[in-house]
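Listed below, chain by chain, are the residues.
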Amino acid sequence: MSKIRVLTVFGTRPEAIKMAPLIKELEKNSDIFESIVCVTAQHREMLDSVLNLFEIKPNYDLNIMKANQNLWSITSDVLLKMKEVYEEVQPDIVLVHGDTTTSMAAGLSAFYAKIPVGHVEAGLRTFDKYNPFPEEINRVVVDSLCEYHFAPTDTSIQNLKDAQINMKHAYKTGNTVIDALFYIVNNKEADISYLGLDKTKRTVLVTAHRRENFGEPIKNICHSIIKLVEENKDIQVIYPVHPNPNIKNTVYKLLDKKERIILTEPLDYAPFSTLMKKSYLIMTDSGGVQEEAPSLGKPVLVLRKTTERPEAVEYGTVKLVGTEMENIFNEADNLLNNEIEYKKMSEAINPYGDGTASAQIISILKNIKC
Ligand code: UD1
Ligand code: UDP
């Protein structure tokens, strides 16, 4: 029997991190699979850094990123350019990940070409169309056009059922981000002394990038950080700033050169993982960080109104704190000063898997031609 030709398509940093273990697993099984990788490069530097770390050399690079790009240009570029790739590669299956506009447009383009699509990290929902924007609707679109659904948790399986998705090929696998994190933490621990952290202070790690946090919310987040360092002399805040100008300009304007606040470029995944491990508390609007931090025993305050990761809230590893300045400050200040509360969050169990999601997905894909 001929090999199963799997075309993996992704474009941003988190997709690359979460698809990397799967690509490695496909490569390990090269007697069964022919693995072809296409990056849209919706992100450029942040994508390349992950490709380098995991030593992945894409077969196709659409190189679409433009400075301060918009949803229309990403969608139309990916939709059209993927048509040519699909025509040339003629894969047995296309794999896309999560909820980015790359995933939505690459999935739609495959659907138009009548190629089966597998969705890694299927079934996440907030049920709020504009939170996160545009990811919630991207998820709905991708889930409805896919044949194969690899859902991380029971909740995401249930969401697929509730959306009347055909469950013939829907599987609970855990999240591949845990595979990636374990691999990096065990094999590539990075020296982060260059960041200049003060070892005598507790470290609060911050990231934020979401479109719905542009404007007032990101300003509120910055003001809460200022108050937090003013009121807690034994902490330092480190914030790797996303390069999106809508975030970067505001964050640098409000936080640059402030005492005990370190702003950096986005970090490569290895130093970022080490930094998560060494942090006391994490404040973020990131999806991936909500899944990773609990594996490292770090409490997360989620700087958003909603989350598609309700399991983490239920298990007590993350807390949704919104984007109002006073609330963010109060919740963070409480965790910094209330040991019982802190211990409860840091010792909770991670619901996102045990590091075997990629192997589980690959064993399912082995049967797609039977
Ligand atoms: C995108 C995804 C979001 C995901 C996030 C992860 C969409 C609509 N958004 O949002 O779901 O959570 O990635 O980070 O799919 N930029 C660079 N270099 C890079 C990457 C970005 O300079 O390597 C700058 C560019 O000016 C770019 C801008 O950031 O135009 C925005 O990038 P974009 O992918 O549109 O949005 P993100 O906020 O990164
Ligand atoms: N991350 C990283 N460097 C950073 C910030 C985040 O490597 O400076 C990693 C993080 O560990 C996680 C992923 O990037 O695996 C999350 O990406 P992001 O927050 O951009 O996207 P989201 O998960 O919200 O879609």
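Cut-offs used in this document
- Residues numbered from 1 in each chain as written.
- Chains lettered and ligands numbered in written order.
- Predicted model: local features only at pLDDT ≥ 70, side-chain atom pairs only at ≥ 80, totals over all residues.
- Heavy atoms only, no water.
- Axes fitted to C-alpha atoms, helices over the stretch in contact; angles between N-to-C directions.
- Helix = DSSP H or I, 4+ residues; strand = E, 2+ residues; numbered from the N terminus.
- Parallel < 35°, antiparallel > 145°, perpendicular 65-115°, else oblique.
- Contact = heavy atoms within 4.5 Å.
- Nonpolar A, V, L, I, M, F, W, Y, C, P; charged D, E, K, R; others polar.
- Buried < 20%, exposed > 50% of the residue type's maximum accessible area, 1.4 Å probe, protein only.
- Near = heavy atom within 4 Å.
- Polar contact = N/O pair within 3.5 Å; in protein donor to acceptor, adjacent residues only side chain to side chain.
- Areas by Shrake-Rupley, 256 points an atom, 1.4 Å probe, with all protein chains shown as cover.
- Pairing = 2+ DSSP bridges.
- Phe/Tyr/Trp six-rings, centres within 6.5 Å; stacked < 30°, edge-to-face > 60°.
- Lys NZ or Arg CZ within 6 Å of the ring centre and 35° of its normal.
- Core = buried A, V, L, I, M, F, W, Y, C linked by side-chain atoms within 4.5 Å.
- Disulfide = S-S within 2.5 Å.
- Right-handed = clockwise from strand over helix to strand, strands pointing away.

Q: Could you clarify how one ought to interpret the packing of helix α13 (residues 325–337) against helix α14 (residues 339–346) in this entry?
A: Two measures define how a pair of helices packs: the angle their axes make with one another and the distance between the axes. Where α13 contacts α14, the axes come no closer than 6 Å and their chain directions differ by 95°. The orientation of α13 with respect to α14, classified from their angle, is roughly perpendicular. Where α13 abuts α14, its residues N334, L335 and N337 lie against E339, E341, Y342 and M345. Residues that form the contact of α13 with α14 fall into these classes: three nonpolar, two polar and two charged.

Q: Can you help me understand the side chain of R210 in this one?
A: Looking at where R210 falls in the secondary structure, it is placed in the loop between β8 (202–207) and α8 (216–231). Residue class for R210 comes out buried when judged on its relative accessible area of 8%. Those residues in contact with R210 that sit more than four places away from it in its chain are P132, E135, D285, S286, G287 and R304.

Q: Explain the site of ligand 2 here, please?
A: Residues in contact with ligand 2 amount to 16 residues; listed here are only the nearest, R13, L267, S286, G288 and E292. Within the side chain of S286, one N or O atom sits 2.7 Å away from an oxygen atom of ligand 2. At 2.6 Å, a side-chain N or O of E292 approaches an oxygen atom of ligand 2. Compared with its free state, where it exposes 540 Å², ligand 2 has 95% of that area covered by protein. Only α1 (13–28), α10 (269–278) and α11 (287–292) provide two or more residues apiece to the shell around ligand 2. Among the elements that take part in the shell around ligand 2, α11 stands out by supplying four residues, more than any other.

Q: What is the right way to look at the pairing of strand β10 (residues 261–264) in this model?
A: A regular strand places its side chains so that they alternate between the two faces of the sheet. Residue alternation in β10 divides its side chains into two sets, I261 and L263 and I262 and T264, and both sets are buried. By the bridge criterion, four bridges tie strand β9 (residues 235–240) to β10 in an arrangement that is parallel. Residue pairing across strands places V237 opposite I261, the latter belonging to β10.

Q: Honestly, the packing of aromatic side chains in this entry has me stumped. Any pointers?
A: Any pair of aromatic rings gets described here by the distance separating the centres and the angle formed by the planes. Evaluation of the coordinates by the stated rule reveals six aromatic pairs. Geometrically, the ring pair formed by Y280 and Y342 is stacked, given 4.0 Å between the ring centres and 10° between the ring planes. Of this pair, Y280 sits in the loop between α10 and β11 (281–284) while Y342 sits in helix α14, placing them 62 residues apart in sequence. For Y280, a relative accessible area of 18% puts it in the buried group. An aromatic cluster of at least three residues, connected via ring pairs, comprises Y148, F150 and Y171. One Lys or Arg, R202, reaches over the ring of Y280 and ends 4.6 Å from the middle of that ring. The lysine or arginine in question, K227, covers the ring of F329, its NZ or CZ lying 4.4 Å from the ring centre.

Q: What's the story with the nonpolar core in this structure? I'm lost.
A: The tendency in soluble globular proteins is for nonpolar side chains to be buried as a group. Core analysis: the biggest nonpolar cluster contains 57 residues, and F10, F54, L95, F150, Y269, M276 and L365 have the highest contact counts within it. Among the elements that take part in this core, α1 stands out by supplying seven residues, more than any other. Y239, I261, L303 and M345 belong to the second largest nonpolar core, which has 32 residues in total.

Q: Whenever I open this one, the sheet that holds β10 confuses me. Can you help?
A: Within a sheet, adjacent strands bond to each other through the backbone by hydrogen bonds, running parallel or antiparallel. Read across the sheet, six strands follow the order β10-β9-β8-β11-β12-β13 without closing on themselves; strand pairing throughout is parallel. Two strands bound the open sheet, and with one partner strand each, they are β10 and β13 (318–320). Averaged over all adjacent pairs, the angle separating strand axes in this sheet is 20°, with direction ignored. In this fold α8 packs onto β8, β9, β10 and β11, with an angle of close to 155° to the strand it touches most, β9. Contacts between α13 and the sheet are confined to β8, β9, β11, β12 (300–302) and β13, with β11 contributing the most and set at about 165° to the helix.

Q: Quick question: what am I supposed to make of the state of the cysteines here?
A: Covalent bonding between the sulfur atoms of two cysteines is what defines a disulfide. Summed over all chains, the structure comprises zero disulfides. Left unpaired, C38 is separated from the closest cysteine sulfur, that of C146, by 16 Å.

Q: Is there a simple way to think about the pairing of strand β6 (residues 148–151) in this case?
A: Neither face of β6 is exposed, since Y148 and F150 on one face and H149 and A151 on the opposite face are all buried. In terms of strand pairing, strand β5 (residues 117–120) meets β6 through three bridges, oriented parallel. By the bridge assignment for β6, H119 is matched with H149. In this fold, β5 hands off to helix α5 (residues 135–145), which returns the chain to β6; that crossover is right-handed. Of the strand pairs in this sheet, β6 and strand β7 (residues 170–172) are connected by three bridges, and their pairing is parallel. Note that in β7 the partner of H149 across the bridge is A170. The parallel pair β6 and β7, bridged by helix α6 (residues 154–162), forms a crossover whose chirality is right-handed.

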